[in-house]
Amino acid sequence: MSFRFQKTAVLRHETVLLLVLVLEVVFFQLAGRNFGTVDNVANIVRHSVEIGLLALVMMPVILTGGIDLSVGSLLGLCAVLFGKLWRDAGLPWELAALATLGLGALAGGFNAALITGLRLPPLIVTLGTYSLFRGLAEAITHGTDAFTRFPERFLFLGTGRIAGVPTQAWIFVAVGVAVWLLVHRTTFGRSWRAIGFSPEGARYAGLPVTRRLVLAYMLAGLMAALAAITYTARFGTAKADAGTGYELAAITAVVLGGTSIFGGVGSVHGTLLGVAAIAVLTNGLSRVPATMSNAAELSGLLTGALLIVALAGGALPGRIGARRRKEHPPAVGAPVSDPA
Amino acid sequence: MKRHFREFSVTGALLLLLVSLAIFAPNFFEPQPLLSRLTAAAPKLVVACGIALVILSRQIDISVGSLFAVCSLSAGLLAAAKLSLPVAVLASVGLGAVGGALNGALVAVLRLPSIVVTLATMVMWREGLRLAQQGVFVNLPDGVQWFGLPMAAGQGIVCGLALVVLLALAYALRFLAVGRFVYAVGSDAEAARLAGIRPRLVTFGVFILLGALTGLAAVMNLVQSPQVDPSTGRMLELEAIAAVVVGGVAVSGGRGNLWGVLAGFLLLACITPALTYLDVKPYWDKAIQGAVILLAVVADGVRRRKLNR
Amino acid sequence: MSAVLQLTSVTKSFGAVRALKGVSFELRAGEVHALLGENGAGKSTLIKIITGAHQPDGGTLEIGGQQVAQLTPQAAHRLGIACIYQQPALFPDLTVSENIGLRLESVSVLRRVNWSARRERAAQLLQRLGADISPDAEAGSLSMPEQQLVEIACALGAGARIVIMDEPTASLTQKEQHRLFTVVRELRASGVGVIYISHRLEEIFALADRVTVLRDGESVGTRNIGAGQSAVARCMANERPESPHPGPLPGGEGERQPATRPAVRVPFAEPLTTILPLPSGEGRGEGVRDSRPAGPPNPSTPPITESELIRLMVGREVSSIYPAAEGEPGEVVLALSDLGCTAGGVRHITLDVRAGEIVGLAGLVGAGRTELARVLFGLTPADSGEIHLNGHSVSIRSPQEAVAHGIAYVPEDRRRHGVILEMPIAHNLTMAIHPRLFPGTWLRFGAERSHALESMRDLAVKAAGPDAPGGSLSGGNQQKVALARWLATKPRVLILDEPTQGVDVGAKSEIHKIIRRLAQQGMAVLLISSDLPEVLGMSDRIAVMRGAEIVAMMPRGTEAHAVMAAALGQGRGES
């Protein structure tokens, strides 16, 4: 039975990815300058926190067989909202941050309402909110306004260190552990997986399909808001274009990490490995003299190639996906509930 | 009427917008600025038509923006190297077709999900281009802009090309067997196979066609300015998909037509200038575009629920 | 009479299950040959072999007098075999005329589509079927019977000479049935061989020339059906010219090359002129019961009667193999009064189920049995009437609420709904008891595993282990897992929908024993089954459904034919 090998295939995928990561580290340690220094490692972490946070919550969404294209735009909107609340509404930054988190979750809930309430394909709904959220951010700032001069205590979130580790790394670790537990150790993760394999099957099993989906998308919204806060703290400015293209980076990391775009299959540690593989590649290339000037481009190129190789190589999850596609009409973003 | 409800409603919305413009901002219809706007938008329409084909066959392609940039640059470099313009055009279209074939092969032959395949090729084309070009603009020699013709004539050619592509594809989709095969494959690939159609071949072909159209659109865009921006085509895929979706093509495949795509495209394209004319600040542009997309899909969802009862 | 299709000693096994154990079957040109048998008797396997979907393990297959090896679906199509399934494979987004056009026109890519010709031809074919379907309607908007008619129109247009109809009337109204019968008779009159699968004996007697009964993968006999056929019809049919008409197909327009047709083809639709006057000229329906063509039944076997046929089909003594009930049922657990759901397709349901009692829900496919289960389980919540559980009025708006009230539903389609194939057995088994087994939402793998092992042992699930995916199990074991998932919720009311469909004989009787044991433990069981002996043997009382309503309540020990008659609506003034 082909099903038999599924779990081992995922394990193998993650093992291979880990191997790739180790090879990257060894290679850059040998070929790069100052790659393995404490400062550089901190640097890698700092730069990958926002995309990492988005990837961590994109993973459950994709696990349910959905997708969320709006998280990058929502990051921008939340950054702007945070700035607005702090500067123009005069809230203390702590309160503004809390309010932003709430608004982010609300925006995720908006996606979820359209997806579950009207049974619309997630791809199209979040394509719409992708434009809407970014557009609202631009409208609020009139396209030009930028919020700056945040208090030191706030900037510490993005630039400071606690016990020698960048502040946002602590946040990232906390979120990572939480999401890992959620996906792998709670009934929420179990339900997401069941929904990803078979939304109808999950419904017939008495699982609260709608509530679980709402949770996944709200979590994505919440984390986009959190990423907006660390992003703003890292750069010291909040602008409408914050996080442009981050949704695709996050999806790339998740798929590279072995999560099937058709849902059901995947792991949070795989996603983390995906994030790390891309982050180390980008940073490492900037430490090697030969590639120093073109690190970003080369890393993008290699990531794209890696993605295709990972997909084509993981033929088995792909085959299962191909078979499932026949049962579930649209390739991505099928209406999530039993239409009967 | 019932079957083409979506096309009618989008056209209705477009007409409403145009009428309100005619009343509140008659300046909008002055020929020269109108022609300029249409010309600037024409390449997007060509890409949107190609995307419509892909979505009709129940796939998606988000790599067109990057491919568009690669084609633009290549054509620009060839033109700058004093090769004749037709050669540059052919090269651009050919390169586009090759790019499309790459996506098509990965999707149709290896059966990988198109969203992820084109996400990967999107990143690869874009980064490859940045690597090769390092963000340097390409200056085009004389005789390239507007095909070396007076501006009005050049604009006429660009708009005419878009129109020809639109009509030809609309004709093929409606009246050629192969066009109907696209619908059949998008509607139910298994039923298509039983009817003797080869779904994977159709999918492959549709991707190639989209690539070629992207190459053509790149040239149509290229001739409008004296230089080529290597970061051109950003967000093109999303704008094109938005036009297609607003125009009533279902992402579940097999449903929609190019008339709707044209209406959806014009609706989205007219919003920006309409906003300026109607004295809405341009920074609302994107939010309103997003709202229009959501409105279109929500209307679909509500309508479907009603029909199901 | 020439045989257009001849199967000889065909065998087919799936793993250890022998689906066909040497079946021979003959279909003549111009006959309607009914294929009858219980679920799992091998009908669908036989059909799949004829349509090329399965390859037989042994035996021979002759089509049009020529032996065919390695029949593929495409080759079957080319040889003029068409199958009309219960769920037609149409393009839902395209119009009817296009659906027909895509099937019948050539696949050359750059051909111009002639919409008016396409439309005309579709209209013509549909008219020939007497179908009141607009060629411009979207296929997805048609009802199931209308879609079937479109499929038949395709078969007609393709000049099929072997048409297989798989329970075509399952969801048809009386009027639609009559129309379909007319169509089938016309097909027969034009020399097509029709294989007609149905559970409705009434139909078989009205329509078929011969019947073959399958039981447990074997053909238990082919009999003539001929009693009381109308002499008028016979005369009329005999006037049909015997010589084949060489002209092109009326709907074919020669778009398909003659070369693709086998030489021995029985030209289809040759007697178009003789077909059309039949319904209009002679007054269809009532008067002309049958327009049987020539091809006299084999005189050596006398026509079969209805009761003989049932006996042939059921085969064994019903009561002996089913576990008997002991003791009296207890309190009423589930009471429904005038329950209805417009969207869900049930109305005026009044029914009691007592603790320890098995109430069978009999009826034809589409009679509203599964629909009732979906209403009770909150998948399509009721919009009228009341549900009482242990005397308390409850409202059930979602499956979660149903589960909370102690209702469990083991669905009919276990591969789509009953078990998540990709997930491990253990996960499937615990899916309905997350709140109880995993307090605070934290998964407890040890508890899950021991629960899974215990359930698997209780129901004797044969599997590699609790971590094996659901898809790796055989049908019977999947069914046991689906059942065990719901037993874990300790339900008060257990609804079982076709619990033994597609399950081999051994697992079947195991499942029967489990069901009886559960009732004995005090559960109120609602058993939906199309397997008549099963309903008769298992149920303490039988509710018969027809047309979304319960039409009869019958006690244990009711005869099969009485239930069948109620399900068919006989004795209520209908034909």
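Residues numbered from 1 in each chain as written. Chains lettered and ligands numbered in written order. Predicted model: local features only at pLDDT ≥ 70, side-chain atom pairs only at ≥ 80, totals over all residues. Heavy atoms only, no water.

Visitor: Requested: an account of the overall build of chain C, with residues and values cited.
Guide: What chain C contains, in helices and strands, is 21 helices and 20 strands. Burial statistics for chain C: of 575 residues in total, 57% are counted as buried. Partitioning the contacts of chain C with sequence separation of at least 6, the portion at a separation of at least 24 is 70%. Total accessible area on chain C is roughly 22700 Å²; 53% of this is exposed by carbon and sulfur atoms. (Helix = DSSP H or I, 4+ residues; strand = E, 2+ residues; numbered from the N terminus. Buried < 20%, exposed > 50% of the residue type's maximum accessible area, 1.4 Å probe, protein only. Contact = heavy atoms within 4.5 Å. Areas by Shrake-Rupley, 256 points an atom, 1.4 Å probe, with all protein chains shown as cover.)

Visitor: Just give me the short version of the overall build of chain B, but keep the residues and values in it.
Guide: In terms of regular secondary structure, chain B is built from twelve helices and two strands. Mapped in sequence order, the helices and strands of chain B form the string α-α-α-α-α-β-α-α-α-α-β-α-α-α. Relative to its full complement of 309 residues, chain B shows a buried share of 54%. Look at the contacts in chain B between residues 6 or more apart in sequence, and 80% of them connect residues 24 or more apart.

Visitor: I'd love a proper account of the sheet that holds strand β4 (residues 58-63) of chain C, names of residues and values included.
Guide: Pairing is antiparallel across the open sheet formed by four strands, whose spatial order is β2-β1-β4-β5 (chain C). If you trace the sheet from one side to the other, it starts and ends with β2 (17-28) and β5 (66-67) of chain C, each paired once. (Pairing = 2+ DSSP bridges.)

Visitor: Would you mind going over the interface of chain B and chain A in detail, with residue names and values included?
Guide: Taken together, the 43 residues of chain B in the interface contact 51 residues of chain A. Carbon and sulfur atoms supply 77% of the area that chain B and chain A bury against each other, a total of about 4100 Å² over both sides. For the chain B face of the interface with chain A, the top three residues by lost area are B:Tyr283, B:Lys286 and B:Leu294, together amounting to 15%. Linking chain B to chain A there are one salt bridge. (Buried area = accessible area lost by both parts, 1.4 Å probe. Salt bridge = Lys/Arg side-chain N within 4 Å of Asp/Glu carboxyl O.)

Visitor: For the side chain of B:Thr11, give the residues involved together with the corresponding values.
Guide: Position of B:Thr11 among the secondary structure elements: in helix α1 (residues 5-24). Excluding its chain neighbours within four sequence positions, the residues that come into contact with B:Thr11 are B:Trp259 and B:Ala263.

Visitor: Report on the environment of C:Asp132, specifying residues and quantitative values.
Guide: Residue position: C:Asp132 is located in the loop between α4 (115-128) and α5 (144-157). For the pair C:Asp132 and C:Leu149, spaced 17 residues apart in sequence, the C-alpha separation works out to 9.7 Å.

Visitor: Account for the nonpolar core, with residues named and values stated.
Guide: With 200 residues, the main nonpolar core has A:Phe154, A:Ile251 and B:Ile51 as its most contacted residues. Per-element tally for this core: the top contributor is helix α10 (residues 209-235) of chain A, with 15 residues. Taken together, domain 2 (85-158) and domain 3 (331-568) of chain C each give at least three residues to this core, which thus spans both. Ignoring any residue separated from it by four or fewer positions in sequence, one finds B:Ile51 in contact with B:Asp61, B:Val64, B:Leu210, B:Ala240, B:Ile241 and B:Val244. (Core = buried A, V, L, I, M, F, W, Y, C linked by side-chain atoms within 4.5 Å. Domains from an automatic or database assignment.)

Visitor: Account for the pattern of salt bridges, naming residues and giving values.
Guide: For the structure on display, the rule yields 33 salt bridges over all chains. Between C:Glu357 and C:Arg541 there is a salt bridge, with its nearest N and O atoms 2.6 Å apart. Here the residue C:Glu357 occupies a position in the loop between β12 (346-354) and β13 (358-363), and C:Arg541 occupies one in strand β19 (residues 541-546), the gap between them amounting to 184 residues. Given the relative accessible area of 3%, C:Glu357 is considered buried. Members of the salt-bridge network, linked through shared partners, are B:Arg180, C:Glu98, C:Glu105, C:Arg111 and C:Arg118.

Visitor: Quick rundown of the packing of aromatic side chains? Include the residues and the values.
Guide: Residues and elements named next belong to chain A. Considering all chains together, one arrives at 15 aromatic pairs over all chains under this definition. An angle of 20° between the planes, with centres 5.6 Å apart, marks the rings of Phe-82 and Phe-150 as stacked. One end of the pair, Phe-82, is in helix α3 (residues 71-88); the other, Phe-150, is in the loop between α5 (122-141) and α6 (152-159), and 68 residues separate them in sequence. Of the residues examined, Phe-82 reaches a relative accessible area of 1% and is grouped as buried. On the accessibility criterion, Phe-150 (6% relative accessible area) is buried. Their ring planes at 75° and their centres at 6.0 Å tell us that Tyr-231 and Tyr-246 sit as a pair that is edge-to-face. (Phe/Tyr/Trp six-rings, centres within 6.5 Å; stacked < 30°, edge-to-face > 60°.)

Visitor: If you had to explain helix α7 (residues 167-185) of chain A to someone new, which residues and values would you point to?
Guide: The end-to-end C-alpha separation of α7(A) is 27 Å, in line with the 27 Å expected for 19 residues at 1.5 Å each. When we look at burial in α7(A), the residues that qualify are A:Thr167, A:Gln168, A:Ala169, A:Phe172, A:Val175, A:Gly176, A:Val179, A:Leu182, A:Val183 and A:His184. (Expected span 1.5 Å × (residues − 1).)

Visitor: Before we move on, could you go through the interface of chain A and chain C and cite the residues and values that matter?
Guide: Interfaces are often sized by the accessible area lost when the parts come together. Between chain A and chain C, the residue contacts involve 29 residues of the former and 31 residues of the latter. Together chain A and chain C conceal approximately 2700 Å² of surface at their shared face, both sides included; 63% is due to carbon and sulfur atoms. Linking chain A to chain C there are two salt bridges. Counting the contacts that link chain A with chain C gives eight residue pairs in polar contact (both at pLDDT 80 or more). Mapped by element, the contributors of at least two residues to the side of chain A that touches chain C are α7, α8 (187-197) and α9 (199-204) of chain A. Top element by residues in the side of chain A that touches chain C is α8(A). It accounts for seven residues. (Polar contact = N/O pair within 3.5 Å; in protein donor to acceptor, adjacent residues only side chain to side chain.)

Visitor: Report on helix α4 (residues 93-117) of chain A, specifying residues and quantitative values.
Guide: Over its 25 residues, α4(A) extends 35 Å from the first C-alpha to the last, a length consistent with the 36 Å expected when each residue adds 1.5 Å. Where α4(A) ends, the next residue or the one after it, A:Arg119, has phi of about 55°, a positive value.

Visitor: Go over the pairing of strand β8 (residues 193-197) of chain C, please, and point to the residues and values.
Guide: All names here are of chain C. Most of β8 sits out of view: five of its five residues are buried. Going residue by residue along β8, you find Gly-193, Ile-195 and Ile-197 tucked away on one face and Val-194 and Tyr-196 tucked away on the opposite face as well. Looking at chain direction, strand β3 (residues 32-36) and β8 are connected through four bridges and run parallel. The residue bridging His-33 from the neighbouring strand is Ile-195, located in β8. Pairing of strand β7 (residues 162-166) with β8 involves five bridges; the strand directions are parallel. Bridge pairing in β8 places Met-165 opposite Tyr-196.

Visitor: Before we move on, can you summarise the environment of B:Ser66 with the specific residues and values?
Guide: Residues and elements named next belong to chain B. As for its placement among the helices and strands, Ser-66 is situated in helix α3 (residues 64-80). Given the relative accessible area of 2%, Ser-66 is considered buried. Separated by 56 residues in the primary sequence, Ser-66 and Met-122 place their C-alpha atoms 5.5 Å from one another. Leave out the neighbours within four places in its chain, and Ser-66 touches Met-122, Trp-125, Arg-126 and Glu-237.

Visitor: Tell me what's going on with a nonpolar patch on the surface, and back it up with residues and numbers.
Guide: All names here are of chain B. A cluster of nonpolar residues, Val-19, Ile-23, Phe-24, Leu-278, Val-280 and Trp-284, forms a patch on the protein surface that exposes about 560 Å² of accessible area. Inspection of the secondary structure assignment puts Val-19 in helix α1. In this structure Val-19 comes out as partly exposed when scored by relative accessible area, which is 47%. (Patch = residues over 30% accessible without salt bridge, like charges linked within 9 Å, V, L, I, M, F, W, Y side chains within 5 Å.)

Visitor: How would you summarise the confidence of the model for chain C if you had to cite specific residues and measurements?
Guide: Residues and elements named next belong to chain C. Residues of chain C with pLDDT of at least 70 account for 80%, and the chain-wide mean is 80. The low-confidence segment residues 227-299 (pLDDT under 50) makes 110 contacts with residues lying over four places distant or belonging to another chain. For residues 571-575, every residue scores under 50 in pLDDT, and the model assigns this stretch eight contacts once sequence neighbours within four places are set aside. (pLDDT = per-residue confidence, 0-100.)

Visitor: How would you summarise the environment of C:Glu218 if you had to cite specific residues and measurements?
Guide: Residue and element names in this part refer to chain C. Take Glu-218: it is sitting in strand β10 (residues 218-224). A relative accessible area of 40% means that Glu-218 is categorised as partly exposed. Residues Glu-218 and Lys-43, 175 residues apart in the sequence, show an inter-C-alpha distance of 9.9 Å. Dropping the residues within four chain positions of it, Glu-218 is found in contact with Lys-21, Val-23, Ala-41 and Val-213.

Visitor: Could you give an account of the packing of helix α2 (residues 31-56) of chain B against helix α10 (residues 236-246) of chain B, naming the residues involved and the relevant values?
Guide: All names here are of chain B. Across the interface, α2 lies against α10 with an axial gap of 8 Å and an inter-helix angle of 65°. Classified by the angle between their axes, α2 and α10 sit roughly perpendicular to one another. Regarding α2 and α10, the two cross each other, and that crossing is right-handed. For the pair α2 and α10, contact is made by Lys-44, Val-47, Ala-48, Ile-51, Ala-52 and Ile-55 and by Leu-236, Glu-239, Ala-240, Ile-241, Ala-243 and Val-244, respectively. Split into classes, the residues belonging to the contact of α2 with α10 amount to ten nonpolar, no polar and two charged. (Axes fitted to C-alpha atoms, helices over the stretch in contact; angles between N-to-C directions. Parallel < 35°, antiparallel > 145°, perpendicular 65-115°, else oblique. Left-handed = near helix turned anticlockwise from the far one by under 90°. Nonpolar A, V, L, I, M, F, W, Y, C, P; charged D, E, K, R; others polar.)

Visitor: Hey, could you go over the sheet that holds β8(C) for me, with residue numbers and the actual values?
Guide: All names here are of chain C. An order of β6-β7-β8-β3-β9-β10 is seen for the six strands of this open sheet, with the pairing classed as mixed. In this open sheet, the two strands that pair with only one neighbour each are β6 (81-84) and β10. Shown here is a sheet whose adjacent strand axes are inclined to one another by a mean of 20°, direction ignored. Taken strand by strand, α5 contacts β6 and β7, and its axis lies near 175° from that of β6.

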